[in-house]
Amino acid sequence: MEKIDVVIVGGGLAGLSCAYALAGEDLTVLVLERGDFSGSKNVTGGRIYLGPIRDLIDDLWEGAPFERHVAKEALTLMAEGSSTTLQLSSQKMNQRPYPSYTILRSRFDRWLADKVMGKGVYVVPEKRVDDLILDDGRVVGVKTGEEEIGAEVVVAADGVLSFLAEKAGLRKPFEPQHFAVGFKEVIQLPREKIEDRFGLTGEEGMAHLFVGSLTKGMMGGGFLYTNLESISLGMVIGIDAINRREPREEVYRILDEFKESPQVKRLIEGGTLSEYSAHLIPEGGINVMPKLYSDGILLVGDAAGFGLNMLITVRGMEYAVASGVMAAEAIKEARKKGDFSSRTLAHYEDLLRNSFLLKELETFRHALSILKNPRWFHHYPQAICDLYEKLMWIDESPKSRLFSTAYGELRKSIINLQGIKDILSLRRI
Amino acid sequence: MTIEEKLAQDAFKNDEASHISLDQSICKECRERFCIYSCPAHLYSLNEETGQMQVEFAGCLECGTCMIACIYGSVTWNYPRGGFGVQYRHG
């Protein structure tokens, strides 16, 4: 079998970043994408943080089709009959270089694929890879339909479900507690309306998170991101939480209820739905990380389980880009040595361990086990809203001291044995 | 807006064969119906006549949630063939 140097399976952020970083080297590289074009199978919430990856591919970001740079943050705690919102308008976030942007993947990934093609790497659409070709346990290529493509090294960038990681024997069977499902609507609204409604100027954007009664006690939350001419509105919910909820709840319905809530309804009023999408999010973190390489194969992005729910945000795209670039570094190194065995490819994991990526996953090792506590998603948002409501409430009876009102509420629902245990558990996040 | 109306906004290029298959012998024993509750596109339902679990693969958003939610291993799930399935225009 004739061999090219590198076959990258999956033309999403991880695969394309790897291809981009390999372009211009003396290597033959091919990207295989199962969709009609790069981005056609990709979904994000979506917000990307450029801070950790800006310098990894420094010539890429100028002119990238992001939506808006996030200059405003909001967090709403939802309770029965009330909600509390905390909002941040940040000058620091509103200065170039902007730290984060809202993003729609179909447009973004397609643009990135064009960039990669412009550097001479071919991205082949409509190619689903069905299997790996193995020779004595070593990966030597891929099968796509009737076709076999030999390669010195295969980069599995085939997403969160990575069938290639499974076929290569690199990952353990999936478990519901290590995944969340994100599902969202893209709602079209005129630009002026978005800017007016959210108090934005020019290309400023807003990221708004929602935690509390909207997920009905299940681990997760809601999100709203402003795009240039649309709003991304959706939810992320842990699959184990859906499986265990009593009484049972069909998950698709709770997005409709969220949309109908007074906190959200006015924000999307007059908008028209233009797309409904869903995607899995790997949340198992470093505890369930697969083996990242073997002879002739590397895992990158979601395929390597590089996702993280860090309570205030769900991360993944920066990890995809970073791991793609680091895989490219390891491949260049392997090429120099003429050795694509796991001994040389181990360099990939060294690079990751020395980067923000595995350091963050290590830092947040316990995040998921803490987030599994259903009280974060029901009890505490309710308690905080109740406290705030009581402080602000004035009726015919003489008002008690603010301190004793607050203290009484806190004693009742937060500063008790359970509450202190829960708060202490947060030290590990 | 119903879920069917939502899915009607999406672009699909459907293959003839389904990319999802179920092991009815497992579904027959299942009481929890994890698939019905977790599918964000509401594609799973019980056929009232036959009592069998059925899935409408044509509206699949390709998230794979059902495969993970079904802890009994009834769901065999593959990506649709290259060029088929949902085509996200926003993502």
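Quick caveat: nothing in here was measured; it's all calculated off a predicted structure.

S.K.: What's the story with the overall build of chain B in this structure? I'm lost.
M.R.: Summing up its helical and strand segments, chain B has four helices and six strands in all. Going from the N terminus to the C terminus, chain B shows its helices and strands as α-β-β-α-α-β-β-α-β-β. Relative to the globule expectation of 12 Å for 91 residues, the C-alpha radius of gyration of chain B, 13 Å, shows essentially globular dimensions. Principal-axis analysis of the C-alpha atoms gives chain B an extent of 40 × 30 × 25 Å. Each of the 91 residues in chain B was classed as buried or not, and the buried ones make up 41%. Summarising the internal contacts of chain B: among those between residues at least 6 apart in sequence, 70% fall at separations of at least 24.

S.K.: So what exactly am I meant to see when it comes to helix α1 (residues 13-22) of chain A here?
M.R.: Residues spaced three or four apart along an α-helix point in a common direction, a consequence of the helix completing one turn every 3.6 residues. Residues and elements named next belong to chain A. With 10 of 10 residues buried, α1 is to be regarded as a mostly interior element. Inspection of α1 places Leu13, Ala14, Gly15, Leu16, Ser17, Cys18, Ala19, Tyr20, Ala21 and Leu22 among the buried residues, and these make up the whole buried set. At its buried positions, α1 is contacted by β1 (3-9), β2 (29-32), α2 (105-118), β10 (147-156) and α8 (317-337). Positioned one or two residues after α1, Gly24 has a phi angle of 85°, which is positive.

S.K.: Can you help me understand the interface of chain B and chain A in this one?
M.R.: Across the contact, 30 residues belong to chain B and 38 residues belong to chain A. Contributions of two or more residues to the side of chain B that touches chain A are made by α1 (3-7), α3 (34-38) and α4 (65-69) of chain B. Here the side of chain B that touches chain A gets four residues from one element, more than from any other, and that element is α3 of chain B. Residue classes in the side of chain B that touches chain A are distributed as 15 nonpolar, 10 polar and five charged.

S.K.: How should the pairing of strand β12 (residues 204-212) of chain A be read in this particular structure?
M.R.: Working note: regular strand, side chains alternate between the two faces of the sheet. Residues and elements named next belong to chain A. Most of β12 is tucked away, with eight of its nine residues classed as buried. For strand β4 (residues 69-79) and β12, the ladder comprises nine bridges, and the chain directions are parallel. Along β12, the bridge assignment pairs Leu77 with Val211. Where β12 meets strand β13 (residues 220-226), four bridges bridge the pair, whose relative direction is antiparallel. Within the sheet, the bridge partner assigned to Ala207 lies in β13 and is Tyr225.

S.K.: How should I be thinking about α2 of chain A in this particular structure?
M.R.: Residue and element names in this part refer to chain A. Counted at 1.5 Å a residue, the expected span for α2 with its 14 residues is 20 Å, and the 19 Å between its end C-alpha atoms agrees. All buried positions along α2 are accounted for by Arg105, Ser106, Phe108, Asp109, Arg110, Leu112, Ala113 and Val116. As for α2, its buried residues are in contact with α1, β2 and β7 (122-124). Of the residues flanking the end of α2, it is Gly120, one or two places downstream, whose phi is positive at about 95°.

Thresholds, definitions, all that
Residues numbered from 1 in each chain as written. Chains lettered and ligands numbered in written order. Predicted model: local features only at pLDDT ≥ 70, side-chain atom pairs only at ≥ 80, totals over all residues. Helix = DSSP H or I, 4+ residues; strand = E, 2+ residues; numbered from the N terminus. Rg over C-alpha atoms; globule rule 2.2 N^0.38 Å. Buried ≥ 20, exposed ≤ 12 C-beta atoms within 10 Å, placed from the backbone. Contact = placed C-beta atoms within 7 Å. Nonpolar A, V, L, I, M, F, W, Y, C, P; charged D, E, K, R; others polar. Pairing = 2+ DSSP bridges. Expected span 1.5 Å × (residues − 1).

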